[in-house]
Each structure stands twice: as structure tokens, then as C-alpha cells.
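These are the residues of each chain, in order.
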Amino acid sequence: MFSAQSLIPRIPKRHALVTRFPVHSSHFRGCTAVSRRQAHQFRNMSHSQNPQDEQAQKGSKFSHLPLSTSGPLECALKGTVLLNHPYFNKGSAFTKEERRDFALHGLLPPQIQSLEQQVQRAYEQYCSQPNDLAKNTFMTSMKEQNEVLFYRLLHDHLDEMFSVVYTPTEGEAIQNYSRLFRRPEGVFLNINDMDSVKRDLAQWGKPEDIDYIVVTDGEEILGIGDQGCGGILISIAKLVLMTICGGIHPNRVLPVVLDCGTNNEELLKDDLYLGLRQKRARGDKYDDFVETFIKAARELYPRAYIHFEDFGLDNARRLLERYRPQMPCFNDDVQGTGCVTLAAIMAGLHISKQKLSDVRMVVFGAGTAGVGIADHVRDAIAADADISPEEAGKQIWLIDKPGLLTTKSESLSDAQKKYAKSHDDWANEKTDLLAVIKEVKPHILVGTSTKPKSFTEEVVREMAKHVERPIILPLSNPTKLHEAVPEDLLNWTDGKALVATGSPFDPVKGPWGKDGKEIEIDVAECNNSVVFPGIGLGSVLSRANRVTDKMLMAASKGVAEMGPALRDDTAPLLPGVDVVRDVSVRVARRVILAAMEEGVVEEKDVPTNEEDLDEWIREQMWDPVYRPLKYVEGNKASRGAKGDLRVLGNPNDVE
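Within every chain, residues take consecutive numbers counted from 1 along the sequence as written. Confidence filtering applies because this is a predicted model: local features only for residues at pLDDT of at least 70, side-chain atom pairs given and counted only at 80 or more, and all residues used for totals across whole chains, interfaces and linings. Just so you know, side-chain values use all the structure's heavy atoms and leave hydrogens and water out.

What follows covers the overall build of the protein. Numbering of helices and strands runs from the N terminus; a helix is a DSSP stretch of H or I covering at least four residues, while a strand is a stretch of E covering at least two. Along its length, the protein carries 26 helices and 16 strands. For the protein, with 655 residues in total, the buried portion stands at 60%. Intrachain contacts of the protein at a sequence separation of at least 6 include 73% that bridge at least 24 residues. Here, Shrake-Rupley sampling with a 1.4 Å probe gives the accessible areas, and only protein chains in the shown set may cover a residue. When the accessible surface of the protein is split by element, carbon and sulfur atoms take 47% of a total near 27700 Å². Whether a residue is buried, partly exposed or exposed follows from its accessible area with a 1.4 Å probe, protein chains only, as a fraction of its type maximum: under 20%, in between, or over 50%, in that order. We call two residues contacting when some pair of their heavy atoms lies within 4.5 Å.

Okay, structure coming up:
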């Protein structure tokens, strides 16, 4: 049974909120002010952990693992070849010994600098950029030159830079992809050349080389719609988040775009557009293309986890349901949003002291995200109450543009039909949001409608009449499309609403403390980045052959049990990106243990003890630190040491 107390986590002291590299106070000086609370968090992390080189000297009982990050890094490259390889390049930070052993004398200025000094210089350069799009381009250029420096800079300023390397600025970069294009990254697959799909994929490595693939068809990008082949940038951006948030090794990932054409008239008329200049393919041809890609990817990289990203509404759920039973795959739009929302609900129920099995939920907006959230909450209710999903679905009401979904609603998808209420049983003639709130008296109200200000004062006050601590989650993005803002929700409920939003908001102050004392309430952001990296990390490390519903539910619990609100109900319901790597470890642990119970783990000798499992996970997470380089002769070097991962491959090897 789910209970509020069960969410209070037991954190082994030596693993509690610890990163594996220091953050220095110099990083808090620059173009954007950092809150004292954030600075305090970073400094605490710095003081509570061991430096990477100290860890390398001590070693780990899991340092024998192929993905271990302890000890020196073998490298067979020298001279300018080494300097031009972003995975190995250290720039001015190569040591005296490395400059000697790798023939770098005369190729670098004489002063040897630390990674921290490089980060300081890079941050100053970043701040000098005139706008966010220029900052995005600067970060892309840095990633192509020095991956450790790129990820370390991003880590140290993640709160500030997240919106630059991801939404909303990445959306602007995608819209301008063909005009800003400098060099390609990733795999571009052509629907008019299906016979070449396997050959094109094969160039990127051997079967054991790729752990994580993000693929998009570019149809529904970050709320800006069809962007054609420019969608490759969302695959790249998602993999950046997988590395910085989940520790997936950046040389073991593959971004892919399936170019099926585009229905974006601006792109079709643009002489500089780089993708197929044709209307988007549909029907059997489209399905055959996706199937060709999946078949080739599974044959070439059988250990890889496949992440579907920003597919169109008609295809996202359909493709996920088709391939989920066959392989480890995930769709962040369908599953990630549901997982993080369920985590916020779990944390909220801890405060309101209610059981998940007793709740009633209204979802306003019955698209992909709304139905995905409903599915996850339904499955959680079913597990908590030991009832069927069909029975649990009776506790969830979906509202879309025509009103409440009923058996008389027209053009419902199969996913929506599961929640349609009997028209004959609905006594109220009205089916709008206010009427449903009055009739249902829900504990939870979720907004995925993109209809701004639809959670009106009348709606919210009506909900608060019947529920002591209403959980209200306006999740539509961007901010201008939010169903309500936290300040209004808290004012209309006298500070009692438990709120999480789809975008970041400032804390809200009000006279809601004891005897009317003014208090400040921090508002959680339902950010998928606190959940999907841990799901992917756990699945990759355990080599799970599928991603089951129980694994996803375990991920939600992992996020919820690290919510600050579990200890202080004025704190956010969910953890933020400032501690995302620690959250990813917790989520990965929960996912792996659930995968063991489900019998889908294929990796051998995975620890079952939680403390050992956490250490096993952390040991295999890539960190943005400079590991000592150890030179190996080419004939004795692995493909990784030769710098061949994601770089070389011979299409002639494909049968």
C-alpha cells in the first residue's frame, strides 16, 4: 500500500546528496546572480565530497566494470589529433607529464591551468554573448571542442543555463537550424532511401558501443510544431540532459532524426532548408520507415535503449505501444510527464495525509500529456488499492475542448475512450470545468490544456470548499499558457493549495503562517528532467530488456521521496535540477530493483543491497572531470582509447 510515511527516504550518509567534483565560489560571480540558497547548496556539495583524483587513488570495489569512471583513461591519440578530439581534449589543463607523453609540447601555451580556471574563463565568454541564442551557439561550439569543459560549465550553472541549452532557447535554435548550420552531428535518415538506413546507422560503432539512442521525426518539437530535419537538435539536446543529469557516457550515445518531410510551409519555401523538401509522409510508408529504423538499430546495437522524442500526436502513443513489448524504449512526452506528475501527487498526498487509493482527479486537457498523466495515476491507484486499472480509471475525469469526455463525445482516441464516463450516468447537463468540479469534488486538478487562466478563481474556490489541501498542477507550457499562476492559486485557497507548475515560478509570500504570520512558499516545477534521466540510467546499467509500468511507478516514487516538501510543507513538492544527479541515482535504484522483480534485468551480478547498488550506479556515471590520461599503443588499444566511439565505422562491414 502507498502511504505518506513510506516516502520518507533512508539516505546512507556517505551517499547523501553528494556529487563527485567540487564547485568553487568563483563560479557564483558573473552575468546572472545566483540565489544565496543555491550558492549554499553548491558549497555544501563541494565540502561534502571527495575530489575525483582522490577517489581515483582509492579506487572502488566496482572499478572493474566496463563503464567504471575510476582511475586513468586510456588514450592512443597524440598531438593535434588528440587536441581535436572533444572527448579527450583538456586544452590548457593537460599536465606536464601528459604534454610529454602525448606530444603536445609546442601545441599549447606553457601555463597549465585547472578545470576550475577554464570554467571561469568559459563562463565569462558565455556571459559576453549578446542574447540567449548566441549563448546556445557558444555552448554548441564548446561541446564540439571539449566535452568535459562543456558539461562542467553546464553543471556548475545548470539553473541558469538549462533554459539556454534546452527549452525555450533550443526551440529557437531548431527553428533556425538551416540558417545557423555549421557542422552536422548525429544520424540523418531519409524516408526516400530506406535501403540505406542500416548502412547509415552501422557507421557509428560496434554492437557494444551504443547505450542510448534518442530518435525524433521532428513533427511536434517543444511546442513549436513541425521542424523537419531540424529536429536533430532536440535529439542532441535530450542526450545532453541524459549526460549532465543521468551520467550517461557522452561517447556512447546516438542522436537520430527520421526525415519524413515537413508540413511547415516556411521551411518548404526556404531555399536554405536542409531537409527533404516535400510534404510529410503518412500511412504505410511512414510505418515502414520507422520499422526499418527500429529493426536496424536493434540488430546493430542490441544493448541500446531507444528514446522516442517529439513525435506527432497521432504517432507518439501508437509507436510506443507497438514497440514497448519488444524492447527497452521510452517516450518522454507520454511517459515522462506522467511519471513526474505522479511524483508531485505522491508528495502532495504526504502533506495532505491522504491515500492514493482514495483520490479523485480531474485532468483539464485530454491530449497526449493529459492522457499519459491519467494512465500513470490510474495504474498507481490500481496498485495501491489492489484493483483493476479499469476500476481505478473510474476515479479520473478527463475534460477536453467539448467538455467532459463521455460515451457520447465524438472522435475519441482509443486512449481517451478508457476514461469516457457514461453519458446516461452524468446527471449534470453541463460538462464544463466548473460543473465537473462541483459534481466530482476532486482532490487533484491537473492542467494540460494550453488554455491560459482557465483555472479561474470560481473554479479554484469551489475545489477548495470540499478539499482541505487541494493539489493543483497547471502544467501547460510556456508560462503564458499556464491555466493559473501560483500566486493566484495560493491567494484563492488561503495558502492551502499544493502547487506544482510546468515552468519555473518565483516563491510566493502570504499571511498563511501561524496567527497570520507571513510565510514564503516555494513552488515546484514539474520538470521531466528529474525523472527521465534516472529511468534511462537504470535501464541502461541493468540492461533491462523492457521498461515496464512497475519500473515507471518506481521512478515516480524515487522522485517523490526526495521532494523537499516531505520535511517542510512550504518547500517545493519536487526536487530541483540543482540536485538532479542525486535524484537520478535514487530513481535508477528504484527502477533497477523494480526491473529485478519483473525479471527483465539481463546484466549479471547487479547488487541487491541498496547501499551497494547506489555505489554501483555512481561508479558507472560519467562525470565532467579530467581523468589522468594513460598512453597505450594503437595495436593494444581499445576502440574507445583510439577515439573511435561515435566517430568511425565501415559501412562495407554491413552484410
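Once the structure has been displayed, the description carries forward.
Moving on to the pattern of salt bridges. By definition, a salt bridge exists where a carboxyl oxygen of Asp or Glu is found within 4 Å of a side-chain nitrogen of Lys or Arg. Tallied over the full model, the rule gives 39 salt bridges. Taking the shortest distance from any N to any O, the salt bridge between Asp 270 and Arg 179 comes out at 3.1 Å. Linking Asp 270 in the loop between helix H13 (265-268) and helix H14 (283-300) with Arg 179 in helix H10 (residues 177-180), this pair joins segments that are 91 residues apart in sequence. Put simply, Asp 211 and Arg 252 hold a salt bridge, and the shortest N to O gap is 2.6 Å. Of the two residues, Asp 211 is situated in the loop between helix H11 (197-202) and strand S3 (212-216) and Arg 252 in the loop between helix H12 (232-246) and strand S4 (253-259); the sequence distance between them amounts to 41 residues. Note on Asp 211: relative accessible area 2%, which makes it buried. Under the relative-accessibility criterion, Arg 252 is labelled buried at 12%. Overlapping salt bridges bring together Arg 317, Glu 321, Asp 375, Arg 378, Asp 379 and Lys 418 as one network.

This next bit is on the sheet that holds strand S2 (residues 187-190). What the five strands build is an open sheet, ordered S2-S4-S3-S5-S6; its pairing is parallel. This sheet does not close on itself; its edge strands, each paired only once, are S2 and strand S6 (329-331). Strand-to-strand twist of the sheet, defined as the mean angle between neighbouring strand axes without regard to direction, takes the value 25 degrees. Fitted lines through C-alpha atoms give the axes, limited to the stretch in contact for helices. The angle between two N-to-C directions lies from 0 to 180 degrees. Seen against the sheet, H14 touches S2, S3, S4 and strand S5 (305-308) and runs at an angle of roughly 160 degrees to S4. Each of S3, S5 and S6 touches helix H23 (residues 532-542); the most contacted strand, S5, lies at about 155 degrees to it. Two strands qualify as a pair provided that DSSP identifies no fewer than 2 bridges between them.

Turning our attention to helix H6 (residues 132-145). In this analysis, the expected span of each helix is defined as 1.5 Å times one less than the number of residues it contains. Here H6 contains 14 residues, and its C-alpha end-to-end distance of 20 Å stays within 8% of the 20 Å for a straight helix at 1.5 Å per residue. Of all the residues in H6, the buried ones are Leu 133, Ala 134, Lys 135, Asn 136, Phe 138, Met 139, Met 142 and Lys 143. Looking at the buried side of H6, the elements it contacts are helix H5 (115-127), helix H7 (147-156), helix H8 (158-165), helix H9 (169-175), H10 and H12. A 3.5 Å cut-off defines polar contacts: any pair of N or O atoms within that distance qualifies, except that in protein one atom must be a possible hydrogen donor and the other a possible acceptor, and neighbouring residues in sequence count only when both atoms are side-chain atoms. At the N-terminal boundary of H6, the capping side chain belongs to Asn 131, with an oxygen 3.2 Å from the backbone nitrogen of Leu 133.

If you trace the seven strands from one edge of the open sheet to the other, you get S9-S8-S7-S10-S11-S12-S15, paired in mixed fashion. Because the sheet does not close on itself, it has two edges, and the strands there are strand S9 (403-404) and strand S15 (524-525). As paired elements, strand S8 (residues 396-400) and S9 share two bridges and run antiparallel to each other. Counterpart to Asp 400 in the pairing with S9 is Gly 403.

Moving on, we come to the UniProt feature "binding site: a divalent metal cation" (unreviewed entry) in the protein. UniProt positions are given in the numbering used here, feature names are shortened, and annotations may be inferred rather than shown by experiment. Summarizing the sequence annotation, UniProt attributes the feature "binding site: a divalent metal cation" (unreviewed entry) to Glu 309, Asp 310 and Asp 333 in the numbering used throughout. Of the residues just listed, which span 25 residues, no C-alpha pair is farther apart than 7.1 Å, and they cluster in one region. Its place among the elements puts Asp 310 in the loop between S5 and helix H15 (313-323). When neighbours within four sequence positions are excluded, Asp 310 is seen to be in contact with Thr 216, Asp 217, Gly 218, Glu 219, Glu 220, Ile 221, Leu 222, Ile 234 and Asp 333. Counting through the fold element by element, Asp 333 comes out in helix H16 (residues 332-352). Beyond its immediate sequence surroundings of up to four residues, Asp 333 is in contact with Glu 309, Asp 310, Phe 311, Thr 368 and Ala 369. Within the structure, the side chain of Asp 333 is placed 3.0 Å from the backbone nitrogen of Asp 310, a separation counted as a polar contact.

Bringing the nonpolar core into the picture now. Only buried residues count toward a nonpolar core. Its members are Ala, Val, Leu, Ile, Met, Phe, Trp, Tyr and Cys residues joined through side-chain atoms within 4.5 Å. With 141 residues, the main nonpolar core has Ile 535 and Ile 617 as its most contacted residues. With eleven residues, the top contributor of residues to this core is H12. For Ile 535, the contacting residues outside a window of four places in its chain are Tyr 305, Phe 330, Cys 339, Val 547, Leu 552, Ala 555, Val 587 and Val 591.

A few words now on the UniProt feature "binding site: (S)-malate" (unreviewed entry) in the protein. As annotated by UniProt and renumbered to match this structure, "binding site: (S)-malate" (unreviewed entry) occupies Asn 477 and Asn 527. The largest pairwise C-alpha distance within this set of annotated residues, which runs over 51 residues, is 11.1 Å, so the set is compact in three dimensions. You can see Asn 477 is positioned in the loop between strand S11 (471-474) and helix H22 (486-492). Contact partners of Asn 477, with chain neighbours within four places excluded, come to His 482, Gly 502 and Ser 503. A polar contact of 3.1 Å, which involves the side chain of Asn 477, links it to the backbone oxygen of Gly 502. Assignment of secondary structure puts Asn 527 in the loop between S15 and H23. For Asn 527, the residues in contact, after removing those within four places along its chain, are Phe 162, Val 340 and Val 577.

Checked against the element boundaries, Gln 118 lands in helix H5. A distance of 3.1 Å separates polar atoms of two side chains, one belonging to Gln 118 and the other to Ser 92. A distance of 2.7 Å separates polar atoms of two side chains, one belonging to Gln 118 and the other to Tyr 626. Setting aside residues no more than four positions away along its own chain, Gln 118 makes contact with Lys 90, Gly 91, Ser 92, Ala 93, Leu 149 and Tyr 626.

With that out of the way, let us pick up the packing of H6 against H7. Their axes nearest at 6 Å, the elements H6 and H7 cross at an angle of 140 degrees. In terms of orientation, H6 lies oblique with respect to H7. Along the contact surface, H6 presents Met 139, Met 142, Lys 143 and Gln 145, while H7 presents Glu 147, Leu 149, Phe 150, Tyr 151, Leu 153 and Leu 154. When the residues that make up the contact of H6 with H7 are grouped by side-chain class, the tally is seven nonpolar, one polar and two charged. Each angle receives one of four descriptions, namely roughly parallel if under 35 degrees, roughly antiparallel if over 145, roughly perpendicular if within 65 to 115, and oblique otherwise. Following the grouping adopted for this structure description, the nonpolar residues are Ala, Val, Leu, Ile, Met, Phe, Trp, Tyr, Cys and Pro, the charged ones are Asp, Glu, Lys and Arg, and the polar ones are all others, Gly among them.

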